Amino acid sequence: MTAIAAPAAPLRALGFTGRLVEPADPEYDRARAGWNGAVDRRPAAVAYASDADDVAAAIRASRAVGLPFTVRAGGHSVSGRSVRDGALCIDLRALRAVRVDPRTALVRVGGGALLGELDAATQEHGLAVPAGQISHTGVAGLTLGGGLGWLMRPHGLTVDSLQAAEVVLADGEIVRAGADEHPDLFWALRGGGGDFGAVTGFEFRAHRVGPMVLGGLLVHPWEHARAALQAARDLMAGAPEELTVFVALITAPPEAPFPAELHGRPAVAVALAWTGDRAVGERAIAPLRSDPEPLLDLVGPMPYVALQSMLDATAPHGRHYYDRMHYLPAVSDAFIDTLLAAFETTPAPQCHVMTAWMGGAIDRVAQDATAFGHRGSRALTWIIGCSGDGPVAPAADWVRAAWTATAPFASAGVYVNALEPERPVRDAYAARTWDRLIDVKRRYDPDGCFSGNGIG
């Protein structure tokens with residue numbers, strides 16, 4: 001494909017008013033970079049849209065001159081699909097306003113907002129929208145894939161709180177998708193990824209959360225890894241919905257608060273959040289503190305915004321990442337043993353594995369109510385390879401080997417937000433859901449202009 005060297009003229013002619021960064025611009029390398037440093041692509045230009053009309057103008061101009069385009073919100077995906085060689089990257093980060101109506105608990109969020117911005121605005125009113133675990137994740141990408149996070153058990157996925165979306169379609173038309181307007185598009189946006197239009201705004205119904213929650217980490221030495229995972233599994237078999245638990249296999253960093261005997265060694269961190277009454281929560285999590293007893297107990301009352309940023313240090317911008325994940329019908333002893341054995345071969349200290357329990361409010365939504373098709377899964381395990389700033393290949397090879405070893409314990413499908421670049425997107429969905437997504441795609445983007453996820 002031959003890229004247009006100077007897309008500025010058609011963009012300006014069709015009304016684009018935002019900032020345009022082209023390859024000759026000193027800011028170009030910074031503008032094209034996303035969260036994953038392993039993604040090194042050279043778009044024709046980066047167009048920083050100032051509003052939905054700007055997005056529409058950029059789409060119309062791209063189509064008029066035959067220039068492919070992508071849409072970037074938070075730029076936080078491992079695969080980096082929002083930037084392509086030779087394509088115009090339409091960047092939404094200027095669309096970051098968050099407006100909260102405390103009376104109705106409705107929250108309007110710009111398509112370029114980050115989770116930290118959403119959390120800060122809603123917590124001013126004691127509200128929260130279920131959304132992820134890393135505060136510099138984009139609201140848009142997380143939502144369009146479904147939205148797994150700390151509040152998924154008490155309040156469901158991010159898409160379960162979505163009330164409507166403002167969408168720029170492939171012809172530049174701006175529409176509102178909701179239960180009563182373009183309901184088929186609204187269904188697809190809730191878990192089907194970003195292949196149907198550019199979402200420039202979201203409307204969520206928030207929930208009463210915080211401002212203080214019970215949360216933090218319980219850290220165990222590696223010799224207690226099997227027992228710690230089993231204890232979490234046994235507790236979550238009958239745990240109240242207010243409790244969400246992620247168990248992370250990590251290499252302990254050589255710094256406080258980790259004790260010296262753990263520095264640079266494999267360890268287990270049980271990360272938890274309780275959103276109900278504190279005294280009840282303390283009793284609920286007591287089994288996690290007793291058998292085995294953690295070497296480091298960092299669980300206590302904390303602001304919800306602190307919980308939401310607690311794991312940020314594990315996912316800094318610029319490192320080289322590769323990941324894969326499984327949904328699990330059960331967390332068996334055999335699975336635990338296989339996972340632990342796989343982690344012992346990790347090639348870099350930044351690599352880690354997160355296993356989390358689902359259920360609760362996620363399963364109160366009908367399976368076909370949204371495009372997210374993995375309700376009913378008992379748990380998930382997310383294998384995250386990271387090589388620092390070195391070549392990602394050793395970490396990627398380890399991820400693939402660990403994923404293959406644990407595959408016999410997994411159920412079908414994958415989270416579309418964890419879809420590795422070489423895997424077809426249809427693997428993320430059951431056949432019936434996929435066919436329905438194709439129908440929506442053909443109606444709203446018949447020419448396949450939005451192609452980041454490969455639906456079409």
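Residues numbered from 1 in each chain as written. Predicted model: local features only at pLDDT ≥ 70, side-chain atom pairs only at ≥ 80, totals over all residues. Heavy atoms only, no water.

**What about the overall build of the chain?**
Secondary structure summary: the chain contains 13 helices and 19 strands in total. Counting only C-alpha atoms and orienting by the principal axes, one finds that the chain spans roughly 65 × 50 × 40 Å. In the chain, 73% of the contacts between residues at least 6 apart in sequence involve partners at least 24 apart. A distance of 3 Å separates the average location of the 40 positive side-chain charges in the chain from that of its 50 negative side-chain charges. (Helix = DSSP H or I, 4+ residues; strand = E, 2+ residues; numbered from the N terminus. Contact = heavy atoms within 4.5 Å. Lys, Arg positive; Asp, Glu negative; His and termini not counted. Charge placed at Lys NZ, Arg CZ, Asp CG, Glu CD.)

**Some thoughts on the nonpolar core**
Among the nonpolar cores identified, the biggest contains 113 residues, and Leu 88, Leu 148 and Leu 185 are the most heavily contacted of them. Among the elements that take part in this core, helix α3 (residues 52-65) stands out by supplying seven residues, more than any other. Residue contacts for Leu 148: discarding those within four places in its chain leaves Gly 132, Leu 142, Leu 157, Tyr 327, Met 358, Phe 372, Leu 380, Trp 382 and Tyr 415. One finds Trp 222, Val 247, Ile 336 and Ala 396 within the second-largest nonpolar core, a separate group that totals 44 residues. (Core = buried A, V, L, I, M, F, W, Y, C linked by side-chain atoms within 4.5 Å. Buried < 20%, exposed > 50% of the residue type's maximum accessible area, 1.4 Å probe, protein only.)

**A few points about the pattern of salt bridges**
For the structure on display, the rule yields 25 salt bridges. Residue Arg 176 pairs with Glu 203 through a salt bridge whose shortest N-O separation is 3.6 Å. Of this pair, Arg 176 sits in strand β9 (residues 174-178) while Glu 203 is found in strand β10 (residues 198-205), placing the two residues 27 residues apart along the sequence. With relative accessibility at 38%, the residue Arg 176 sits in the partly exposed group. (Salt bridge = Lys/Arg side-chain N within 4 Å of Asp/Glu carboxyl O.)

**Some details on the packing of aromatic side chains**
Under the criterion given, the structure shown has 11 aromatic pairs. Ring centres 4.1 Å apart and planes at 15° place the aromatic pair Trp 35 and Tyr 321 in the stacked group. In this pair, Trp 35 sits in the loop between α2 (28-32) and β2 (45-48) while Tyr 321 sits in strand β17 (residues 321-328), placing the two residues 286 residues apart along the sequence. Given a relative accessible area of 3%, Tyr 321 falls into the buried group. With a centroid separation of 5.5 Å and an interplanar angle of 35°, the aromatic rings of Trp 222 and Phe 343 are classed as tilted. (Phe/Tyr/Trp six-rings, centres within 6.5 Å; stacked < 30°, edge-to-face > 60°.)

**Structural notes on the sheet that holds strand β4 (residues 88-91)**
Here four strands make up an open sheet; going across it, the order is β1-β2-β4-β3 and the pairing mixed. In this open sheet, the two edge strands, each paired with only one partner strand, are β1 (19-21) and β3 (69-72). Adjacent strand axes in the sheet meet at a mean angle of 20° when their direction is disregarded. With three bridges connecting them, β1 and β2 associate as antiparallel partners. Residue pairing for β2: Leu 20 is matched across the bridge by Ala 47. Here α3 sits on the sheet and contacts β2, β3 and β4; the angle it forms with β4, its principal contact strand, is near 170°. (Pairing = 2+ DSSP bridges. Axes fitted to C-alpha atoms, helices over the stretch in contact; angles between N-to-C directions.)

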